[in-house]
Amino acid sequence: MSLPPLVEPAAELTVDEVRRYSRHLIIPDVGMDGQKRLKNAKVLCVGAGGLGSPALMYLAAAGVGTLGIIEFDEVDESNLQRQIIHSQADIGRSKAQSAKDSVLGINPYVDVILHETRLEADNVLEIFAQYDLIVDGTDNFATRYLVNDAAVLLKKPYVWGSIYRFDGQASVFWSEHGPCYRCLYPEPPPPGMVPSCAEGGVLGVLCASVGSIQVTEAIKLLAGIGDPLVGRLMIYDALEMQYRQVKVRKDPDCAVCGENPTVTELIDYEAFCGVVSEEAQEAAAGSTITPKQLKEWIDGDEKIEIIDVREPNEYEIVSIPGAKLVPKNEFLMGAALQDLPQDRRIVLHCKTGVRSAEVLAVLKSAGFADSVHVGGGVIGWVNQIEPEKPVY
């Protein structure tokens, strides 16, 4: 689907800019006109993490005149395996400030605007309204639906990307010309069903592959060239080195962009996506212990069975002494229930407490009424009890 350019061209390019962008200028499809449009464009990157890193770097190198960065987090050592816009020296710094420094190091002609805040329903419309195009580098469903709905309400296009382990996806959502994210995913998956990258991992270089595709789509939209991924979902399998596409049609019954939308204003997206299910919240209420309390039980030889519901590769990195590994899925499938001891209290834990709360709900419904889980998980244990151990 060929679309008109998203922005008007800037008045001119300076001599220095002509030299800098010469390899673009000699491409007939881009040329002087296309480069001027990039110079005049205002693009917002939601996140300066795995996808935001290559996106910001290549948008800057391409000559996008104004780059917005919305990011509230700080650089952590575990980020550096994939978030290449940050360096060792940036650990502990604001990700937004670190990203800005890198962008200006690549291209001093870019105007960088920082939004050092969490993107929420009460600020998203005001922030998005300042930009021509949104590049979505978020890693959670609540923010993805927030980005989508705000873009639809403002009639703005956005380039979406997603990564997990060896798999990546990308598309362009623009309700004025095709489907939106809700047309593809009308409802979020059940809480705890889809692991995050923090739980399941991601191949670092996958960020570059998908992030560069996002930038390619952004350039095409801004300059009005090529055939953008509107109405198409690109799926990338890095292990098999295969790309395939799936057509995505606009859903006439879509809740936000359909013929009779039911979502006409922003909603509570945390509640909509149910970060933790109601069953898990109810199970955890009054049945959550602290790492320090668990340490007291271990030292006091309490009759407990500590069960780690993470995956084997996580267990190899760090574990709580005496914990038995039984991955969450074995509980969800019911296979693990028959092997649980009846004469000891079950103590569950995961990385942070989300997965263990979901398993706790399963145990409670199966009759293990006195079972508990560790709030904060193994991360809380390391921080409070064994700080010499690694975290991930």
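Here is what the cut-offs are and how they apply
Residues numbered from 1 in each chain as written. Predicted model: local features only at pLDDT ≥ 70, side-chain atom pairs only at ≥ 80, totals over all residues. Heavy atoms only, no water. Helix = DSSP H or I, 4+ residues; strand = E, 2+ residues; numbered from the N terminus. Rg over C-alpha atoms; globule rule 2.2 N^0.38 Å. Contact = heavy atoms within 4.5 Å. Areas by Shrake-Rupley, 256 points an atom, 1.4 Å probe, with all protein chains shown as cover. Pairing = 2+ DSSP bridges. Axes fitted to C-alpha atoms, helices over the stretch in contact; angles between N-to-C directions. Parallel < 35°, antiparallel > 145°, perpendicular 65-115°, else oblique. Left-handed = near helix turned anticlockwise from the far one by under 90°.

Asker: How should I be thinking about the overall build of the chain in this particular structure?
Answerer: Helix and strand counts for the chain come out as 17 helices and 13 strands. Scaling as 2.2 N^0.38, a compact globule of 392 residues should have a C-alpha radius of gyration of about 21 Å, and the chain matches this with 24 Å. By its C-alpha atoms, the chain is 80 × 50 × 40 Å across when sized along the principal axes. In the chain, once contacts between residues fewer than 6 apart in sequence are set aside, the share between residues at least 24 apart is 68%. For the chain, the accessible area works out to roughly 18100 Å², and carbon and sulfur atoms hold 50% of it.

Asker: Please clarify how the pairing of strand 8 (residues 242-247) should be interpreted in this entry.
Answerer: In the case of a regular strand, side chains alternate between the two sheet surfaces. Taken together, the six bridges between strand 7 (residues 232-237) and strand 8 define a ladder with antiparallel strand orientation. Looking at strand 8, one finds that Tyr236 is bridged to Tyr243. Counted between consecutive antiparallel strands, the loop separating strand 7 from strand 8 contains four residues, among which Met241 sits at a positive phi close to 50°.

Asker: Even after reading the chapter, I still don't get the environment of Val75, so can you show me in this structure?
Answerer: Here Val75 is to be found in the loop between strand 2 (66-70) and helix 5 (95-106). Taking the C-alpha atoms as reference points, Val75 and Ala366, 291 residues apart in sequence, are found 42 Å from one another.

Asker: Which parts of the structure should I look at to understand the packing of helix 4 (residues 52-62) against helix 10 (residues 204-223)?
Answerer: What describes two packed helices is the angle between their axes and the distance between those same axes. Closest axis-to-axis distance for the helix 4/helix 10 pair is 8 Å, and the angle between their directions is 40°. The angle between the axes of helix 4 and helix 10 places the two elements in the oblique class. The chirality of how helix 4 crosses helix 10 is right-handed. Listed contacts from helix 10 to Pro54, Ala55, Tyr58, Leu59 and Ala62 of helix 4 are Cys207, Ala208, Gly211, Val215, Ala218 and Ile219.

Asker: Sorry, what's going on with unusual backbone geometry here?
Answerer: The general pattern is negative phi for most residues beyond glycine and trans for most peptide bonds. Positioned with a positive phi, Arg165 is a non-glycine residue whose angle comes to about 55°. Following the sequence through the fold, Arg165 ends up in the loop between strand 5 (158-164) and strand 6 (167-173). Positive phi is not limited to glycine here, since Met241 has a value of about 50°.

Distances and angles like these do not, on their own, reveal function.
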